[in-house]
Amino acid sequence: MLQRAIYVSDAVGSAGQSILSIAQILGASDINNRRDELRGLLIFHRGQFLQLVEGRRADLDRLFTRLRADPRHENIRMLIDETVMGEPVGAHPMAPVRVAGKVEAMIGDRPLDRLSLPQVEALFTTAAETLDLAA
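Throughout, residues of each chain are indexed from 1 in the direction in which the sequence is written. Reporting in this predicted model follows two pLDDT cut-offs: at least 70 for local features of residues, and 80 or more for side-chain atom pairs to be given and counted; totals over whole chains, interfaces and linings ignore these cut-offs and use all residues. Derived side-chain values reflect all non-hydrogen atoms in the structure, with water molecules and hydrogen atoms excluded from consideration.

(A) Spatial organisation of the pairing of strand E3 (residues 48-55). Relative accessible area decides the class of each residue, using a 1.4 Å probe on protein chains only: under 20% of the type maximum gives buried, over 50% gives exposed, and in between gives partly exposed. Helix and strand definitions here come from DSSP, where helices need a minimum of 4 consecutive H or I residues and strands a minimum of 2 consecutive E residues; each element is numbered from the N-terminal end. Of all the 8 residues making up E3, 8 are buried; the element is thus mostly covered by neighbouring parts of the structure. Going residue by residue along E3, you find Gln48, Leu50, Leu52 and Glu54 tucked away on one face and Phe49, Gln51, Val53 and Gly55 tucked away on the opposite face as well. Here the rule is simple: two strands pair whenever DSSP picks up at least two bridges between them. Bridge count between strand E1 (residues 3-11) and E3: 8 bridges; the pairing is antiparallel. Of the residues in E3, the one forming a bridge with aspartate 10 is glutamine 48. Sheet analysis places strand E2 (residues 39-45) next to E3, joined by 7 bridges and oriented antiparallel. Note that in E3 the partner of isoleucine 43 across the bridge is leucine 50.

Here is the structure:
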């Protein structure tokens, strides 16, 4: 059974502040997520990460063990942890979401942790459509 987790966390230091740091995060995520058969989307905005990840329960649990030990972020807050009831988000191990256009308009000037759950779900649906991540 496929599970979906969405969390928000606060960046530490220079994490997410440059193209290089984002590329390093995405590179490691791509390798680990391919190995663990996870897929997802990552948004970085104003010092916060918002990530949607889908996969098997055991694989998600291992991922969150790694994330809690990752010094690049802190204060992980789980927003959603549920069984996927519809189509999965896509087939990409970890796709970056650019905060521009529709995505930027949906976020507005709010921190990512100030979005409601319906807003977060709509944000990831829009991001997946924008990126054309159909499985």
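From this point, the discussion proceeds with the structure in view.
(B) Local environment of the nonpolar core. As used here, the term nonpolar core means buried Ala, Val, Leu, Ile, Met, Phe, Trp, Tyr and Cys residues forming a set that is joined through side-chain atoms within 4.5 Å. Within the largest apolar cluster, 19 residues are counted, with the highest numbers of intra-cluster contacts made by Leu41, Ile43, Leu50 and Phe124. Mapped onto this core, the elements with two or more residues apiece are E1, E2, E3, strand E5 (95-97), helix H3 (101-107) and helix H4 (117-131). Apart from residues no more than four positions distant in its own chain, phenylalanine 124 is found in contact with Ile6, Leu41, Ile43, Leu50, Gln51 and Leu52. By size, the runner-up hydrophobic cluster in this structure holds 17 residues, among which are Tyr7, Ala15, Leu60 and Phe64. Contacts between residues were defined by any pair of non-hydrogen atoms, one from each residue, lying within 4.5 Å.

(C) The arrangement of the pattern of salt bridges in detail. Salt bridges are counted wherever a side-chain nitrogen of Lys or Arg sits within 4 Å of a carboxyl oxygen of Asp or Glu. If you walk through the whole model with that rule in mind, you get 14 salt bridges. One salt bridge connects glutamate 54 with arginine 39, and the closest N-O pair in it is separated by 3.5 Å. Of this pair, glutamate 54 sits in strand E3 while arginine 39 sits in strand E2; the two residues are 15 residues apart in sequence, bridging distant segments of the chain. With relative accessibility at 1%, the residue glutamate 54 sits in the buried group. Given the relative accessible area of 21%, arginine 39 is considered partly exposed. With a shortest N-O distance of 2.1 Å, arginine 62 and aspartate 59 are connected by a salt bridge. Residue arginine 62 and its partner aspartate 59 are both found in helix H2 (residues 57-69); the two are separated by 3 residues, about one turn of the helix.

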